[in-house]
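These are the residues of each chain, in order.
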Amino acid sequence: MSPQPPLEKGIRVPESIPVRIDFEAITQLFTQARAQGRDFLFEHETYALLNHSGAETPPRTHLLAKGSRPADEELTAMPGDRVVLKIVSPAIIHKTEVGGVRVVEKHPDNIRSAWRRMMVEVPENYASMIERRSIHAPEIYRGLFGEALQQAVARDIQGVLMVQFMPPDSQAFGNEMIVGIRNTREFGMILSAGLGGTDTELYAERFRKGQAIVAASTALTDGEAFFALFRKTICYRKLAGLTRGRRRIVTDEQLIECFASFIAMANRYSPVNPEAPFIIEELEINPFAFTDYLMVPLDGMCRFARPGSMPAARPFHKIGTLLRPETIGIVGVSTSRINFGRVILNNILAGGFDPANIRIIRPGMADFEGIRCVPDLASLDVKLDLFVVAVGAHKVPELVDQVIAARAAETVMLIAGGMGETEESADRARKLMDRIRHAHAAEDGGPVFLGANCLGVVSHPGKYDTLFIPEAKLPKRRGDHTRNAAFVSQSGAFMITRLSKRPELDPAYMISVGNQNDLTLGDMLCHLKDDPAIDVIAVYAEGFKDLDGLAFTRAVREAVGSGKELVFYKAGRTQEGKSATSGHTASLAGDYMVCESCVRQAGGIVAQNFSQFEDLLMLAQRFHGKRINGNRLAALSGAGFEAVGMADNIQSDDYTLRMARLDAATVDKIAVMLREKGLDALVQVKNPLDINPGADDEAHVAAVRHLAEDPHVDAVVVGLDPLSPAMRTLAECESGRYNFDDPGSIAAEMPRLAAALEKPVVGVVDAGRLYDPLVERLSAGGMAVFRSSDRAVRALAMYIEGRLYAETLRH
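Visitor: Would you mind showing me how to read the overall build of the chain here?
Guide: What the chain contains, in helices and strands, is 25 helices and 31 strands. Nonlocal contacts in the chain, meaning residues at least 24 apart in sequence, comprise 72% of its contacts between residues at least 6 apart. About 34000 Å² of surface is accessible on the chain, with carbon and sulfur atoms providing 49% of the total. Each charge class in the chain can be summarised by its mean position, and for the 92 positive and 103 negative side chains these summaries are 1 Å apart.

Visitor: What is the right way to look at the sheet that holds strand β19 (residues 457–459) in this model?
Guide: In any sheet, the strands associate via hydrogen bonds between backbone groups, in a parallel or an antiparallel arrangement. Spatial ordering of the open sheet is given by β20-β19-β22-β21-β23-β24-β25, a layout of seven strands whose pairing is mixed. Unpaired on one side and paired on the other, β20 (464–465) and β25 (605–606) mark the two borders of the sheet. Bridging between strand β21 (residues 485–489) and strand β23 (residues 536–541) involves five bridges; their strand directions are parallel. Bridging across to β23, Phe487 finds its partner in Ala538.

Visitor: When you look at the pairing of strand β13 (residues 358–361) in this model, what are you seeing that I'm missing?
Guide: For a regular strand, the rule is simple: side chains alternate between the two faces of the sheet. Of the two faces of β13, both are covered, the one formed by Ile358 and Ile360 as well as the one formed by Arg359 and Ile361. As judged from the four bridges shared by strand β12 (residues 328–331) and β13, these two strands associate in the parallel manner. If you follow Val331 over to β13, its bridge partner there is Ile361. Pairing geometry for β13 and strand β15 (residues 371–374), over three bridges, is parallel. Among the inter-strand pairings, Ile360 is bridged to a residue of β15, identified as Cys373.

Visitor: Where do I start with the side chain of Ser779 in this structure?
Guide: For Ser779, the position within the fold is in helix α24 (residues 772–780). On the basis of relative accessibility, which here comes to 16%, the residue Ser779 falls in the buried class. Those residues within four positions of Ser779 in sequence are excluded, and the remaining contacts are Glu504, Arg622 and Val785.

Visitor: Help me out: how do you make sense of the nonpolar core in this one?
Guide: Soluble globular proteins tend to pack their nonpolar side chains together in the buried interior. Val539, Phe552 and Phe568 are the most contacted members of the largest nonpolar core, which has 111 residues in total. With nine residues, the top contributor of residues to this core is helix α25 (residues 789–809). The contacts of Val539, once residues within four sequence positions are left out, are Val488, Leu521, Leu525, Phe552, Leu566, Val567, Phe568, Tyr569 and Phe613. Listed in part, the 51 residues of the second largest apolar core include Met177, Ile213, Leu283 and Phe288.

Visitor: What is the right way to read helix α9 (residues 252–268) from this model?
Guide: An α-helical turn contains 3.6 residues, so any two residues separated by three or four positions project in the same direction. Helix length check: α9 (17 residues) gives 24 Å between terminal C-alpha atoms against 24 Å at 1.5 Å per residue, within 8%. Summarising burial for α9: 14 of the 17 residues are buried, a large majority.

Visitor: Hey, could you run me through the sheet that holds strand β4 (residues 101–105) in this one?
Guide: Taken in spatial order, the four strands line up as β2-β5-β3-β4 in an open sheet, and their pairing is antiparallel. This sheet does not close on itself; its edge strands, each paired only once, are β2 (61–65) and β4. Sheet twist, expressed as the mean angle between neighbouring strand axes with direction ignored, is 25 degrees. Bridge count for strand β3 (residues 82–88) against β4 is five bridges, and the pairing is antiparallel.

Visitor: Mind showing me how you'd approach the environment of Pro470 here?
Guide: Tracing the backbone shows Pro470 in the loop between β20 and β21. The class of Pro470 is partly exposed, set by a relative accessible area of 34%. The sequence separation of Pro470 and Ile344 amounts to 126 residues, and the corresponding C-alpha distance is 8.1 Å.

Visitor: Teacher, can you tell me more about the pattern of salt bridges here?
Guide: Side chains carrying opposite charge are able to pair once their charged atoms draw close together. The tally for this structure, following the rule as stated, stands at 54 salt bridges. In this structure, Glu758 engages Arg627 in a salt bridge whose closest nitrogen and oxygen atoms are separated by 2.9 Å. On the criterion of sequence distance, the pair formed by Glu758 in the loop between α23 (746–756) and β30 (761–764) and Arg627 in the loop between α19 (610–623) and β26 (632–637) is long-range, its members being 131 residues apart. Arg627 sits in the partly exposed class, given a relative accessible area of 44%.

Visitor: Explanation requested: the confidence of the model for the chain in the structure shown.
Guide: Any region with low pLDDT has predicted coordinates that should not be read closely. Predicted confidence across the chain gives a mean pLDDT of 92, with 94% of residues reaching 70 or more. For residues 1–17, every residue scores under 50 in pLDDT, and the model assigns this stretch 50 contacts once sequence neighbours within four places are set aside. Here residues 577–590 is modelled with pLDDT under 50, and outside its nearest four sequence neighbours on either side it reaches 40 contacts, counting other chains as well.

Visitor: In this structure, what is going on with helix α7 (residues 223–230)? I would like to understand it.
Guide: Listing the buried residues of α7 in full gives Gly223, Phe226, Phe227 and Phe230. Here the buried residues of α7 occupy an arc of 105 degrees about the axis, which is enough to place them on one side. On its buried side, α7 packs onto β6 (177–184), β7 (188–195), β8 (213–217), α8 (234–239) and α9.

Basis of the calculations
- Residues numbered from 1 in each chain as written.
- Predicted model: local features only at pLDDT ≥ 70, side-chain atom pairs only at ≥ 80, totals over all residues.
- Heavy atoms only, no water.
- Helix = DSSP H or I, 4+ residues; strand = E, 2+ residues; numbered from the N terminus.
- Contact = heavy atoms within 4.5 Å.
- Areas by Shrake-Rupley, 256 points an atom, 1.4 Å probe, with all protein chains shown as cover.
- Lys, Arg positive; Asp, Glu negative; His and termini not counted.
- Charge placed at Lys NZ, Arg CZ, Asp CG, Glu CD.
- Pairing = 2+ DSSP bridges.
- Buried < 20%, exposed > 50% of the residue type's maximum accessible area, 1.4 Å probe, protein only.
- Core = buried A, V, L, I, M, F, W, Y, C linked by side-chain atoms within 4.5 Å.
- Expected span 1.5 Å × (residues − 1).
- Axes fitted to C-alpha atoms, helices over the stretch in contact; angles between N-to-C directions.
- Salt bridge = Lys/Arg side-chain N within 4 Å of Asp/Glu carboxyl O.
- pLDDT = per-residue confidence, 0-100.
- Arc of directions from axis to C-beta.

Put into structure tokens, the structure is as follows:
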């Protein structure tokens, strides 16, 4: 058995953390709390944890325990003339809302008075809040009301924490920072930082993406790398004094040390660290305030747990057999009607697979249409490389048992749904997954299973197609020719819809993973990252299995590091979207912001919508071998609106392009060409270049060549002006004057030029259906073509941004 790579491999802990972390003391804090029956630390214990982590300025604290009688000297031992009093309760998280935080003069009588008042008023306030908003009531208080609820709250209050008062330099917006780590189901340990204080959630919702809060996988980053991400936030600009009227209040080195310390703690107390004595479920400091260049935590919380079991390893090396099988078996083929099994069989044959190496499980028949039939799996004369199960869900468990018992197949494709998409089928899915996991404990790992709810696989290298969509409804480009992409989708319908709309995408592999009852998205990436024939991987995801998001992003990082490109779309961006995905392919939709951040951090290019996903995949396929030196764009068109539209779309939250400043030699070359074409009096040479509707095919090609050869230009977008009377852009024309079959037409010359140039060139055909043949001809020539200039520039900008970031990861 070839086990799954251990998840702990590749965790990045800085070689030289600039702070000393006493992990033994931190573990002791968790041990003591657990001995008291707690899975959390009180605030003063969280400050102790920070002190052991190397934090420079945790405040002094003293617990005024319920029922204690401290002396005056004890109450006035804090430095300064004021102290902060905070209620201590395992149930009360947001203390301020219930009067659980007070600043008082450091006098024994003042402190005692406020302490006693809080012990009375806080239970009343908290009980009242619970009764007004019962949905927020902790489990221990559910069903309690009135005096019984107040008594229960009062019983759980441990006392009041007296904290040293350390006034911040400023109360202005942006002077507080939140830093936290949390254990996520899909991606493991995540570090986040940004604008802190009581309105953190509001900031995250209202500010543009990446401005209020940033997040990253601690397994894929270090202090300096996370700081580079944090520098883009409003919080950093405020703290560093980069906004009007502000001064710097913290050094970059302090921030890097803080982030490095949190990352080191996250990776030590991580679910993927086999030596972790505890797991930090959540550690949050909100906020850090700043006093005379000191980082001062003003509030903190920490939850922890004992380590659980790691996800079972799967022999995912067998994916190679699944994608390139020598033998295929299928059950569920009707000999009297066209059912799913029959369509799948027809598609397997249409894909070019040798009929002699196919077996149909069909009792009572020796052969069907020349293909050998056997009554059951035990009667097979060969061990199958791939077994396609195209029967109803109620029959699947028995067949899985037979496959495992008879060792009949290396890989199995489960087409049927009804395996976890609904609550009713969840039990069937759990039992199925238990059987499969038990089989993986065998010496050879047992068979691997793709699906259930798998629409099928198209494998051009393997010469087969198991989609249950008839060829007449989804024609494909069969035969051998260069294909450099793989398309992995949790939704089979999404995958085939993209191919139907954009047949030019034509990936080498189309893989529907369905419910991920066994093989996961992470497994697929772990295999495809090492496939030398694949340059581009496109993934549509709805959710990841436990910790598979981390395995996935590690594989993305390795794939990008070896020169591949990944285009990614994550469904379930809204709460409604999460609900829809969970009922679709039995996925558990996670936190979109975390997913997007982790995939970007690993080097993937994240699409924001379906159209963008298609566009980015097309660009990645066409431009994988092109050089991307920077983000300087040259644009030209014979339509003024189009040239302006290109310039108007060079910036957004996700990307930034710059209009290139043309070299003097380029300006001269274009000017000479325009003069030769009689257009010099009509066109001013600048960027973007409005080349005039009088420019013919040759002029467009020459202008693109000159722009692409300019050392200050990194990419070119060209409007191909299909309606211009000077252009040959029609498939058929009575006079023949406008036909693009002419060897000098834009349809012939521009793809040749684009292929020869080292830099990417994007064409735009902004016109109606009459010009569809032109688009098809240009695309068949290998050119990247769009139907509008704004969409072209946006897609190219996102692609360039992703390529440039990926390049930084390789060095």
